[in-house]
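# Tertiary structure, described
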Amino acid sequence: MRVNYGGKVKNKRIEMILFDLDRTLVYGPPRSIKYNLIQNILSENMYETSLKDINDAYNNANIFYDMCAHLFEGNEDKLYLYFCRILLQQCKIPLDNNIILKLSEELRFNPQIIENSGIFPEIKYVCRKLNDMHINLVVISNNISAKKRLEKEGIDTFFDIVFSTADGLDKSSQLKMALEKTGKRSDKSIVVGDNYIFDVIMPRLLGYIPVLLDRNGTFSNIDCKTIRSLEEILELI
């Protein structure tokens, strides 16, 4: 582990920065691609479902993913099958193992999914700068495949520790474990992510400094620091 001297945020010496993964460091395909894939699979099986209903069903299934992924202890196949099972239930479609399996495969391995995924353009530049400043960099994620995703994108070496639900830890436990593993203080550590509940409220309860990443400028009158790009982190320390 690197020796860390830290930077400053509002006169605090920053010792550690914890990054969320999805939509913070990496991006996936537009939801429209996923919804069209789902709609086509359902249509092939004689179920006509509107994109609006699919959107609502996907959002509800995603809540389950965020809250319960750590219970699957790294079993990605089982998690995605269960996710697709909930997706069908939310669409009010009878459970069918063949449809569930097809959805699980397409939502992960369809070429459109893979081709429209990547890392945000500023990531490598920002991480190099922070590495040069000897600040501990940690990833916390509800994504059960976080470690594999970082390796695939070639950015895993920037981070001292990567936590994910594959470790059997929910995000609150990951935040606590980061302090234990590094010996850093929460009031000298920043958490950066795009989800207000997981990346602002939860870290704040543990004494962290939350920074909300709002790439599209959708939040207003929010009670925390917001940034539009991770490059702005460099201006805070």
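Note that this is a predicted model, so its numbers are computed, not measured.

Right, let's get into the packing of aromatic side chains. Using the criterion set out here, one finds nine aromatic pairs in the structure. Between Y58 and F83, the aromatic rings sit 5.4 Å apart at their centres with planes inclined by 75°, giving edge-to-face as the arrangement. In this pair, Y58 sits in helix α2 (residues 51-68) while F83 sits in helix α3 (residues 76-90), placing the two residues 25 residues apart along the sequence. For Y58, a relative accessible area of 6% corresponds to the buried category. Three or more aromatic residues joined by ring pairs make a cluster, and in this case those are Y35, Y58, Y65, Y80 and F83. We note R215 situated over the ring of F120; from NZ or CZ to the ring centre the distance is 3.6 Å.

Moving on, we get to the sheet that holds strand β10 (residues 225-227). Taken in spatial order, the six strands of this open sheet run β7-β6-β3-β8-β9-β10, and their pairing is parallel. Looking at which strands have only one partner, the edges of the open sheet turn out to be β7 (161-162) and β10. Packing against the sheet, helix α9 (residues 196-205) makes contact with β8 (189-193) and β9 (209-213), and its axis sits at approximately 170° to β9.

Now for the packing of α2 against α3. Where α2 contacts α3, the two axes come as close as 8 Å, and the packing angle between them is 145°. By crossing handedness, the relation of α2 to α3 is classed as right-handed. Between α2 and α3, the contacting residues are A57, Y58, N60, A61, N62, F64 and Y65 on the first element and L79, Y80, Y82, F83, I86, L87 and Q90 on the second. Residue composition of the contact of α2 with α3, by class: eleven nonpolar, three polar and no charged.

Reading the values: the criteria
Residue numbers here run from 1 along each chain, matching the order of that chain's written sequence. Given that the model is predicted, a residue must reach a pLDDT of at least 70 before its local features are reported, and side-chain atom pairs must reach 80 or more before they are shown or counted; all residues, however, enter totals for whole chains, interfaces and linings. In computing side-chain properties, one takes all heavy atoms of the structure into account and sets aside hydrogens as well as water. Here a pair means two rings of Phe, Tyr or Trp (six-membered ring of Trp) with centres within 6.5 Å. Their orientation is stacked below 30 degrees between planes, edge-to-face above 60, and tilted elsewhere. Helix and strand definitions here come from DSSP, where helices need a minimum of 4 consecutive H or I residues and strands a minimum of 2 consecutive E residues; each element is numbered from the N-terminal end. Burial status follows relative accessibility: with a 1.4 Å probe on protein chains alone, a residue under 20% of its type maximum counts as buried, one over 50% as exposed, and anything between as partly exposed. Lysine and arginine charges are scored as sitting over a ring when NZ or CZ, respectively, is within 6 Å of the ring centre and within 35 degrees of the ring normal. Strand pairing requires that DSSP identify at least two bridges connecting the strands. Whether two residues are in contact is decided by their heavy atoms: any pair within 4.5 Å suffices. Convention adopted: a line fitted to C-alpha atoms gives each axis, helices being fitted over their contacting stretch, and angles between N-to-C directions are expressed from 0 to 180 degrees. Each crossing gets its handedness from the near helix: less than a right angle anticlockwise from the far helix is left-handed, clockwise is right-handed. Classification convention: Asp, Glu, Lys, Arg as charged; Ala, Val, Leu, Ile, Met, Phe, Trp, Tyr, Cys, Pro as nonpolar; all other residues, Gly among them, as polar.

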